[in-house]
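Below, each chain spelled out in residue letters.
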Amino acid sequence: MLAVCERILAVTRPPRIDEGTMNFGRHHPEETALFERDEEISRLRDVMARAREGRGGVVAIEGPAGIGKTRLLDEAVPIAEAAGLSVLRARASELEREFGYGVVRQLFEPEIARAEPERRAALLDGAAELAAPALGLRAPVGEPGGGADLRYAVLHGLYWLTANLATEGPLLLAVDDLQWSDEPSLRYLAYLARRLGDLPVALLLAMRPALPAEERDTIEAIVSDAGAALIRPGPLSEDAVGALTRARLGCEPHPDFVAACHRVTRGNALLVEELLGETAEAGLEPDAATAAGLEDLGGERISRRIARRLAALAPGADAMAAAVAVLGDDCDLDAAAALAALDADDARRAAGALVAADLLVDTTELRFRHPLVRAAVADRLPAVEAAIAHGRAARLLAERGAAPSALTSHLAAAAPSGDPWVVETLLAAAREARAQGAPELAAADLRRALAEPPPAAERPAVLRALAGAEHAAGLPGAPEHLREALAATEGRMERAETALDLTGMLAERQRWRDAAELGREALAELGGDDPTRAGAERGLAGQERELALMLRSAVADAVRMDASVPGDEPERLMRLADTLSGETPGERWLLATAAAMTPADTASDHAHAADLMERGLGASARSGFNETGVVSNFIRAGRLDAAERVAARALEEARRRGFLWRYAVMLSMRGWIGLERGDLGEAEADLRAALELEADVGGVPSNAALLAVVLAERGHTDDAERAIGDHGLGGDLPEHQVMNLLLHFRSRVRLAQGRLEEALADSLEVGARYERLGLRRAVPPWRSQAAVLLAGRGEQERAHELAMEEMDLAARWGTPLARGLALRGLGLVDDAPERLADAVDALAESPSRLELARARVDLGAALRRAGRRVDSREPLRLGMDGAHACGAAPLAERARTELLATGARPRRLALSGADALTASERRVVERAAAGLTNRRIAQELFVTTATVETHLRHAFRKLDVRSRAELSAALERSSG
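Since we're looking at a predicted model, the values are computed, not measured.

Trainee: Explain the overall build of the protein here, please?
Mentor: A count of helices and strands for the protein gives 49 helices and five strands. Taken over 976 residues, the protein has a buried fraction of 55%. For the protein, the computed accessible surface area is about 40000 Å², with 51% contributed by carbon and sulfur atoms.

Trainee: For this particular structure, what's the right way to read the pairing of strand β4 (residues 201-207)?
Mentor: Each regular strand shows side chains that alternate between the opposite faces of the sheet. Burial analysis of β4 places seven of its seven residues in the buried class, the great majority of the element. The side-chain alternation of β4 yields two buried faces, one formed by Val-201, Leu-203, Leu-205 and Met-207 and the other by Ala-202, Leu-204 and Ala-206. Two elements, strand β1 (residues 57-62) and β4, share six bridges in a ladder whose sense is parallel. Residue pairing for β4: Ile-61 is matched across the bridge by Ala-206.

Trainee: Could you clarify how one ought to interpret helix α22 (residues 459-473) in this entry?
Mentor: Side chains that are three or four residues apart share a direction in an α-helix, a result of its 3.6 residues per turn. With 15 residues, α22 should reach 21 Å at 1.5 Å per residue; the first-to-last C-alpha distance of 21 Å fits that figure. All of the buried residues in α22 are Pro-460, Val-462, Leu-463, Leu-466, Ala-467, Ala-469, Glu-470, Ala-472 and Ala-473. The first or second residue beyond α22 is Gly-474, which carries a positive phi of 75°.

Trainee: Could you clarify how one ought to interpret the packing of helix α40 (residues 796-813) against helix α41 (residues 816-830) in this entry?
Mentor: A pair of packed helices can be characterised by two numbers: the angle between their axes and the separation between those axes. The N-to-C vectors of α40 and α41 enclose an angle of 160°; their axes lie 8 Å apart at closest approach. As judged from the angle between their axes, α40 and α41 are roughly antiparallel. In this structure, α40 crosses over α41, and the sense of that crossing is left-handed. Seen from α40, the contacting residues are Gln-796, Ala-799, His-800, Ala-803, Met-804, Glu-806, Met-807, Ala-810 and Trp-813; seen from α41, they are Ala-818, Arg-819, Leu-821, Ala-822, Leu-823, Leu-826, Val-829 and Asp-830. Its residues placed into classes, the contact of α40 with α41 shows twelve nonpolar, two polar and three charged.

Trainee: Sorry if this is basic, but what is going on with the pattern of salt bridges here?
Mentor: Opposite charge on two side chains permits them to pair, given that their charged atoms come into close proximity. Counting across every chain of the model gives 69 salt bridges. We note a salt bridge from Glu-440 to Arg-187, for which the minimum N-O separation is 2.2 Å. Of the two residues, Glu-440 sits in helix α21 (residues 439-451) while Arg-187 sits in helix α7 (residues 183-193), which places them 253 residues apart along the sequence. A salt bridge links Asp-514 to Arg-511; the nearest nitrogen and oxygen atoms lie 3.3 Å apart. A network of salt bridges, in which partner residues are shared, links Glu-111, Arg-114, Arg-119 and Glu-168.

Trainee: Looking at this structure, how should I read the environment of Glu-682?
Mentor: Residue placement: Glu-682 occurs in helix α33 (residues 680-692). Sequence-wise, Glu-682 and Arg-922 are 240 residues apart; in three dimensions their C-alpha atoms are separated by 9.1 Å. In contact with Glu-682, not counting residues within four places along its chain, are Ala-919, Arg-922 and Arg-923. In this structure the side chain of Glu-682 is engaged in a polar contact, spanning 2.9 Å, whose partner is the side chain of Arg-923.

Trainee: Help me understand unusual backbone geometry, please; the structure alone is not making it clear to me.
Mentor: Note: most residues except glycine have negative phi, and most peptide bonds are trans. Of note, the amide linkage connecting Glu-452 to Pro-453 takes the cis form, showing an omega dihedral of -5°. Of the consecutive residues Val-779 and Pro-780, the connecting peptide bond is found in the cis state with omega at 0°. Mapped onto the elements of the fold, Pro-780 is located in the loop between α38 (756-772) and α39 (782-792). Positive phi is not limited to glycine here, since Arg-266 has a value of about 55°. Even without a glycine there, the phi angle at Asp-330 is positive, about 65°. Residue placement: Asp-330 occurs in the loop between α14 (317-327) and α15 (333-340).

Trainee: Explain the packing of aromatic side chains here, please?
Mentor: The geometry of an aromatic ring pair comes down to the distance between the two centres and the angle between the two planes. Here the structure, examined in full by the defined rule, presents five aromatic pairs. Ring geometry for Phe-108 against Tyr-188: centres 6.0 Å apart, planes inclined by 75°, an arrangement best described as edge-to-face. Of this pair, Phe-108 sits in helix α4 (residues 102-114) while Tyr-188 sits in helix α7, and the two are 80 residues apart along the sequence. The pair formed by Phe-108 and Tyr-188 is uniform in burial state, with each residue classed as buried. For the ring pair Tyr-663 and Phe-942, a centre distance of 4.3 Å and an interplane angle of 45° mean the geometry is tilted. With Tyr-663 in helix α32 (residues 660-677) and Phe-942 in the loop between α47 (934-941) and α48 (945-959), this residue pair connects regions lying 279 residues apart in the sequence. A single burial state applies to Tyr-663 and to Phe-942, both of which are buried. Above the plane of the ring of Tyr-191 lies Arg-195, whose end atom (NZ or CZ) is 3.6 Å from the centre.

Trainee: Explain the nonpolar core to me, please; I cannot follow it from the model alone.
Mentor: Most often, soluble globular proteins keep nonpolar side chains buried together rather than apart. Phe-108, Leu-158, Leu-161 and Tyr-188 are the most contacted members of the largest nonpolar core, which has 160 residues in total. Looking at this core, the element that brings in the most residues is helix α6 (residues 148-166), giving twelve residues. In this structure, Ala-317, Ala-351, Val-355 and Leu-466 belong to the second largest nonpolar core, which totals 58 residues.

Trainee: I would appreciate a short explanation of a negative patch on the surface in the present structure.
Mentor: A grouping of Glu-36, Asp-38, Glu-238 and Asp-239 is seen on the molecular surface, where their side chains present a negatively charged patch. Within the secondary structure layout, Asp-239 lies in helix α9 (residues 238-249). Judged by its relative accessible area of 64%, Asp-239 falls in the exposed class.

Trainee: What am I meant to see in the confidence of the model for the protein here?
Mentor: Low pLDDT means the predicted coordinates in that region are not meant to be read closely. Per-chain confidence: the protein averages 85 in pLDDT, with 89% of residues scoring 70 or above. Within the model, pLDDT remains below 50 along residues 1-32, and this stretch shows 61 contacts once partners closer than five positions in the same chain are excluded. Note that residues 620-625 has pLDDT below 50 and, in this model, 16 contacts with residues that lie over four places away or in other chains.

Trainee: Hey, could you run me through the pairing of β1 in this one?
Mentor: When you tally the buried positions in β1, you get six out of six residues, the bulk of the element. Across the two faces of β1 the burial is the same, with Gly-57, Val-59 and Ile-61 and Val-58, Ala-60 and Glu-62 all buried. The pairing of β1 with strand β5 (residues 229-231) spans three bridges and is parallel. Opposite Val-59, over in β5, you have Ala-229 as the bridge partner.

Trainee: Looking at this model, I keep getting lost on the environment of Leu-196. Mind explaining?
Mentor: You can see Leu-196 is positioned in the loop between α7 and β4. The class of Leu-196 is buried, set by a relative accessible area of 1%. Every residue in contact with Leu-196, bar those within four places of it in the chain, is listed here: Arg-55, Gly-56, Gly-57, Val-58, Val-201 and Leu-203.

Trainee: Help me understand the side chain of Glu-111, please; the structure alone is not making it clear to me.
Mentor: Positionally, Glu-111 belongs in helix α4. Apart from residues lying up to four places away in sequence, Glu-111 is in contact with Leu-88, Arg-119 and Leu-165.

Trainee: What's the story with the environment of Asp-808 in this structure? I'm lost.
Mentor: Along the polypeptide, Asp-808 turns up in helix α40. Overall, Asp-808 belongs to the exposed group, its relative accessible area being 51%. A C-alpha to C-alpha distance of 9.6 Å links Asp-808 and Arg-777, two positions 31 residues apart in sequence.

Trainee: Can you walk me through the side chain of Arg-448 in this structure?
Mentor: Among the structural elements, Arg-448 can be located in helix α21. When near neighbours in sequence (up to four residues on either side) are disregarded, Arg-448 contacts Leu-411, Ala-412, Ala-414, Ala-415, Pro-416, Val-422 and Leu-426.

Trainee: Hey, could you run me through the sheet that holds β1 in this one?
Mentor: By way of backbone hydrogen bonds, the strands of a sheet pair with one another, either parallel or antiparallel. One open sheet accounts for five strands, arranged β2-β3-β4-β1-β5; its pairing is parallel. Strand pairing shows two members of the sheet lacking a second neighbour, β2 (86-91) and β5, which therefore form its edges. The mean inter-strand angle of the sheet, taken between neighbouring strand axes irrespective of direction, is 15°. α4 contacts β2 and β3 (171-176) of the sheet and is inclined by roughly 140° relative to β2.

Conventions used here
All residue numbers here refer to positions counted from 1 along the written sequence of the relevant chain. Per-residue local features are limited, in this predicted model, to residues with pLDDT of at least 70; the limit for side-chain atom pairs, both in listing and counting, is 80 or more; totals at the level of whole chains, interfaces and linings are taken over all residues. Water and hydrogen atoms were dropped before computing side-chain values, which therefore reflect all heavy atoms in the structure. Put simply, DSSP H or I for four residues or longer makes a helix, DSSP E for two residues or longer makes a strand, and each gets a number counted from the N terminus. For the exposure calls, accessible area comes from a 1.4 Å probe over protein chains only, and a residue counts as buried if that area is under 20% of its type's maximum, exposed if over 50%, partly exposed in between. Methods summary: accessible areas were calculated by the Shrake-Rupley approach with a probe of 1.4 Å, and residue burial reflects only the protein chains presented. For two strands to count as paired, DSSP must find a minimum of two bridges between them. To estimate the expected span of a helix, subtract one from its residue number and multiply by 1.5 Å. Lines fitted to C-alpha atoms define the axes, with helix axes restricted to the stretch in contact, and inter-axis angles between N-to-C directions lie between 0 and 180 degrees. Small angles under 35 degrees read as roughly parallel and large ones over 145 as roughly antiparallel, with 65 to 115 read as roughly perpendicular and the rest as oblique. Helix crossings are classified by the rotation of the near helix relative to the far one: an anticlockwise turn of less than a right angle makes the crossing left-handed, while a clockwise turn makes it right-handed. We call two residues contacting when some pair of their heavy atoms lies within 4.5 Å. Any residue that is not Ala, Val, Leu, Ile, Met, Phe, Trp, Tyr, Cys, Pro, Asp, Glu, Lys or Arg is counted as polar, Gly included; the first ten are nonpolar and the last four charged. Salt bridges are defined as contacts in which a side-chain nitrogen from Lys or Arg sits within 4 Å of a carboxyl oxygen from Asp or Glu. A 3.5 Å cut-off defines polar contacts: any pair of N or O atoms within that distance qualifies, except that in protein one atom must be a possible hydrogen donor and the other a possible acceptor, and neighbouring residues in sequence count only when both atoms are side-chain atoms. When the centres of two rings from Phe, Tyr and Trp lie within 6.5 Å, Trp using its six-membered ring, the rings pair. Their planes under 30 degrees apart give stacked, over 60 give edge-to-face, and anything left gives tilted. Charge over a ring is defined by NZ of Lys or CZ of Arg lying within 6 Å of the ring centre and within 35 degrees of the ring normal. Among buried residues, those of type Ala, Val, Leu, Ile, Met, Phe, Trp, Tyr and Cys that are joined through side-chain atoms within 4.5 Å constitute a nonpolar core. By definition, no residue in a patch forms a salt bridge, and every one has over 30% relative accessible area; like charges are joined within 9 Å, nonpolar side chains (Val, Leu, Ile, Met, Phe, Trp, Tyr) within 5 Å. In this tally Asp and Glu are treated as negative and Lys and Arg as positive; neither His nor the chain ends contributes. The location of each charge is read from NZ of Lys, CZ of Arg, CG of Asp or CD of Glu. Per-residue confidence from the prediction method is given by pLDDT, with values spanning 0 to 100.

Structure follows, in structure tokens:
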């Protein structure tokens, strides 16, 4: 291509219009100094200087077309280079919005391509290798379907590719015409922008303002969330227009001409350029007489002026301009010639004429001087002709070896014609997009394929692929398209597969009744609907049996989740689960589902549920199934070690594959485990980290509620209230099982805040909701909390009744934690120290150190009130130390106050050494002591390198060490 384009430059340019006038077309803004942009240039210099010092930032240049955004961006390049920054540059194109990671590839592909093998390996080292699918280097590992998590893995990888490049020296990433960027590249820029403060990287973006009703959420997030410096270049003043006129026309203009030119163009730099060009081409002088006619000349639209200019050029120039407008900037001369139906010589002459007429840039590439010029040329094409041209362009580029993803913008603009080749190409492009982690682009390709339309026999497959892409992208139409696919599918196995996927989608949207009905229909079709016998006993085998097991699980889960959905499928599933060993994925799926719905009202039930969970731990992640149900059931069963093992395994896999959403969810689950144990520092670190990832992966409802409980237990009640309010958990919560649990968490926060009536109302509402679901369990322990609050306001009889009810349920539930909490509640209601002593004994057998500490403090306080001051001191001391170790400052302080009231002299509560480390600091220190570099630590914890450095700096001060080599010894001293 380079050789071909270089031949363009050798072509003798045809004479310009009115060759004797000023040769305006040979002068461009980039050849002269900028006018009235000193302040903007100063701000650009500042951001480059900060990046050189290691403090990255974002600068957004926003303004209408022609105001000079690109010129400022051009000016930034030498400024950056003079400051020692390497420059990576890209320009988005209206014709490439459907090309996944197109802007990203412009930025990074040249750098990767010219890197020697050793440097290339270094650039893609560590988490950066996850960027490979976006750069077309290789397919993703372990995610052939291109699921939602792959999007976040690619973003994580691109961030670390940027960070690896920045280790070689500070960077400027410059992107022009951002409003036309493909969505995956925008996601990367938003992800990067939030983390730039820790990198020596300046991000410079140029864009036009949003059009009316145009949705630009991602661009707005880049500007607002990252605290971007916003530059809005103003129009040129009349003085600047005069100076520009002198520079362009080479003579002193009359003041009236300058005033008229400024008035007509409103100071828009491009329009001033166009108007001066028209003046020169018309052979007019910049005098008062010409000024009088500028209104007519300036009011003419650019498209009309370009049409006149094209008409004056050699034959073929108009067709060549149209071909470049269709193919897009930087197109190949041979391709443009073929599309314009010109031979090689005529194509070269036409290209030369367009350069001479100042429509194409005088470079080795076929590119319009400005997007407005391209738009003006494109607007001249009738819609029918444009659609035909784009269809021809797609074929032409395909013949030249272009990837399917490079053809989608042309196929999107072409008229549907029922062409199988178009459908095949769009399906291939959709597969490329999914493999890159760009499911929203895949969905667009597949919608266009449906419009072609595909042959009837292929339509179900296209619909299934579309539903999968929409589901991965979080788009709303997935269930409806999958239902349409099901209706068009004939094969029994294919119908069962499609129905299984659809039940999962419906369940994720809490459409439990629809999921149950669909699953039942699919089972009946498959032949696995016998109400008394397993599918295997009806003669089903192999994949049919697997599908039947998974469909049974889906139906049973739907019935369990919504009390209004009738059916005995949960009971039948439990009977079937007892017959399975977990040898196949379908069996493990069913076992995990059965474990999640086990009533677990007794100790033997817990043992049974635990057995089911252990056999079902290998369940697939298909159709929305994940480890959260298993972990939450282990937690409720008091098996925190088992819960932690599952969470740790899931976190390690998510970390390895860069799956941020799964990582965030499992951090939340591990935070819940930490709360149950009483490791409040660890729980807070996990939950805060999960919340920090929400900006990238979306909200996980339990995060904020759990964090609020942890903060309240630690004494940060104002922060707890902010966590509730900022995440929409302060008002009415929807009535389903997840939100019911969050309502219980909120009641604990209200209690810690001293808002007793609100705490009581929340507790009683939790109970009412579980009653409506037909669930009478000791977990969550809403009765004991409500009982204590009722007793506090004098409703002793009702309080005692609730406390005794929880005692009975806890005895059936069978866990030490449930028994201990029920005993503590009854002891507080009746003010009975002996009950509280029993609670301490029960809780001592549980893994919950916080609840044990709380019961000890309650016991000591009750003994002191009973006049047994000496007896009260031991439980109070133990309770104070336990609360202090958990990080529960209010409880520890309460214990200390009670001890003082007994006449004891307790030690002051203070943290030192390793005990003073925050949970986040401890995690960093432990990894640093194990020999991991700061970058590896940052990649493992999904944080930035600067965050790791900050934690280490604080930890060094608290541990009184000066080097990483001393960390292990410091930690050992503290543990000893």
